[in-house]
Amino acid sequence: MAKDSPIYVAINMSKVANNEQSMELMQHVGPRVCITTASHPGFLGFQAQIQTGVFRMAGRYGGASTHMEDTLNPLRNYQYTMWKSWQDHDDFHVKEFNRIFELCGKCMDMVVEGPWEPVFEVVEAKMPPVRSMAQVADLAYDILKTKDFVRFSMPQRCVAITEHTVAPGREKAFEQGVSDTIQAIADSPGFLGYMVLKQMGVCALGSFMLDPDSMSQSLQTLGNNPPDKPAPLFKTPDAKPTPTEYLIHTEWDAPELARLGFGKTLANHKIRKIHDQGVMANILRGPYIMFFQPMMEDESWRQYL
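Keep in mind that this is a model prediction, so the values were computed, not measured.

Undergrad: So, the packing of helix α5 (residues 171–185) against helix α8 (residues 269–278): which residues are in play, and what are the values?
TA: Closest axis-to-axis distance for the α5/α8 pair is 8 Å, and the angle between their directions is 165°. Relative to α8, α5 is oriented roughly antiparallel. Every pair of crossing elements has a handedness; the one defined by α5 and α8 is left-handed. Where α5 abuts α8, its residues A173, F174, G177, D180, T181, A184 and I185 lie against I271, I274, H275 and G278.

Shown next, in the form of structure tokens:
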């Protein structure tokens, strides 16, 4: 369970062109963004991942599959930053706007959609420690011997992200249903841990939603120069979605094991009943499950859960 004082997760969401140039650019710019972020009070850590596929039994169809590393274009690029409070995150974007604008501007050639940066409260979590560096080094050595080393340099886990839109007034029932379902599948082979993320708003500066004058200045220079006095178009809580949006973040040893674990919500009579009554009966949209693979991270945020 999350501690009494929750942490917050800002997820910078974008879709990027699926090619080697994009992957190389992320490896080049990503660490510089992390270095900038790490200096700000309230920052707890980060985890960056790109999409590798989907679980098509969860509301998707025949064009989707577990492994779409080469065919899915554009790719979702989800960059998590963890914070003691959402105000700390907003303050970071205000004070470091020029640096982030400069770094993100270098990535615009690969961006197809975004960025969009919703902020989530962690309402429940039980996350594992990251594997030892020795294990990661062994895995990295194996992947370096293949042609895909640029694309996926940290192949240690599968992250499954599940989208839900919850019916108004049923949030607590949904959260309990998710908790019950996860406990029912937690003994599945390869299951590592989970977070229940409840969206509380969207960061305007992180989404580059600026006041009209600043937006115009940015477009005039093709993103090469930051605007003079950038102001967010709205406050983070003003963009709280209605109905409420949730992401369920789970981690697994491999996407194939995640697929088998999630399959129990359909094929196992007892678990299906728990999931149907606790989750499916309380949603308006979902669950949609996407598979991701971590690329870069600082796992120290896990100690705060």
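Picking up where we left off.
Undergrad: Give me helix α1 (residues 20–38): which residues, what numbers.
TA: Quick reminder: α-helices carry 3.6 residues per turn. Residues three or four places apart thus point the same way. When the terminal C-alpha atoms of α1 are compared, their 27 Å separation across 19 residues agrees well with the 27 Å that a helix rising 1.5 Å per residue should span. Along α1, the positions that sit buried rather than exposed are S22, M23, M26, V29, G30, V33, C34, T36 and T37. If you follow the buried residues of α1, they end up packed against β1 (8–16), β2 (43–54), β3 (75–83), α2 (86–95), α3 (97–105) and β9 (283–298). The distance from a side-chain oxygen at the start of α1 to the backbone nitrogen of Q21 is 3.2 Å, and the residue carrying that oxygen is N19.

Undergrad: Any chance you could break down the packing of α1 against α3 for me, citing the residues and the numbers?
TA: Taken N-terminus to C-terminus, the directions of α1 and α3 make an angle of 170°; their axes are 10 Å apart at the nearest point. By the angle class used here, α1 and α3 are roughly antiparallel. Taking contact as the criterion, the partners of V29, R32, V33 and T36 in α1 are, on α3, R99, I100 and L103. Class assignment of the residues belonging to the contact of α1 with α3 gives a composition of 4 nonpolar, 1 polar and 2 charged.

Undergrad: Tell me about the pattern of salt bridges, and name the residues and values.
TA: According to the stated counting rule, one finds 10 salt bridges in the structure shown. Of the charged contacts in the structure, one is a salt bridge between E251 and R157, with a shortest N-O distance of 2.8 Å. Here E251, found in strand β8 (residues 245–252), pairs with R157, found in the loop between α4 (133–144) and β6 (158–166); they are 94 residues apart in sequence, far enough to count as distant. We note that E251, like R157, is buried. In this structure, a network of salt bridges that share partners links the residues R157, E251, E297 and R302.

The rules behind these values
- Residue indices begin from 1 for each chain and proceed along its sequence in written order.
- Confidence filtering applies because this is a predicted model: local features only for residues at pLDDT of at least 70, side-chain atom pairs given and counted only at 80 or more, and all residues used for totals across whole chains, interfaces and linings.
- Excluded from the side-chain calculation are hydrogens and water; included are all heavy atoms of the structure.
- Every axis in this analysis is a line fitted to C-alpha atoms, fitted for helices over the stretch in contact. Angles between the N-to-C directions lie between 0 and 180 degrees.
- Note on conventions: DSSP H or I runs of at least 4 residues are helices, E runs of at least 2 residues are strands, and numbering of each starts at the N terminus.
- Working definition: roughly parallel below 35 degrees, roughly antiparallel above 145 degrees, roughly perpendicular at 65 to 115 degrees, and oblique for all remaining angles.
- Should the near helix be turned counterclockwise from the far one by less than a right angle, the crossing is left-handed, whereas a clockwise turn marks it as right-handed.
- Contacts between residues were defined by any pair of non-hydrogen atoms, one from each residue, lying within 4.5 Å.
- Each helix should span, by expectation, one fewer than its residue count multiplied by 1.5 Å.
- Residue burial is assigned from relative accessible area. The probe radius is 1.4 Å, only protein chains are included, and a residue is buried under 20% of its type maximum, exposed over 50%, and partly exposed in between.
- For this analysis, a polar contact is any N or O atom pair within 3.5 Å, provided that within protein one partner can donate a hydrogen and the other can accept it, and provided that sequence-adjacent residues contribute only side-chain to side-chain pairs.
- Each residue is assigned to one class: nonpolar for Ala, Val, Leu, Ile, Met, Phe, Trp, Tyr, Cys and Pro, charged for Asp, Glu, Lys and Arg, and polar for all the others, Gly among them.
- Every case where a carboxyl oxygen of Asp or Glu lies within 4 Å of a side-chain nitrogen of Lys or Arg is listed as a salt bridge.

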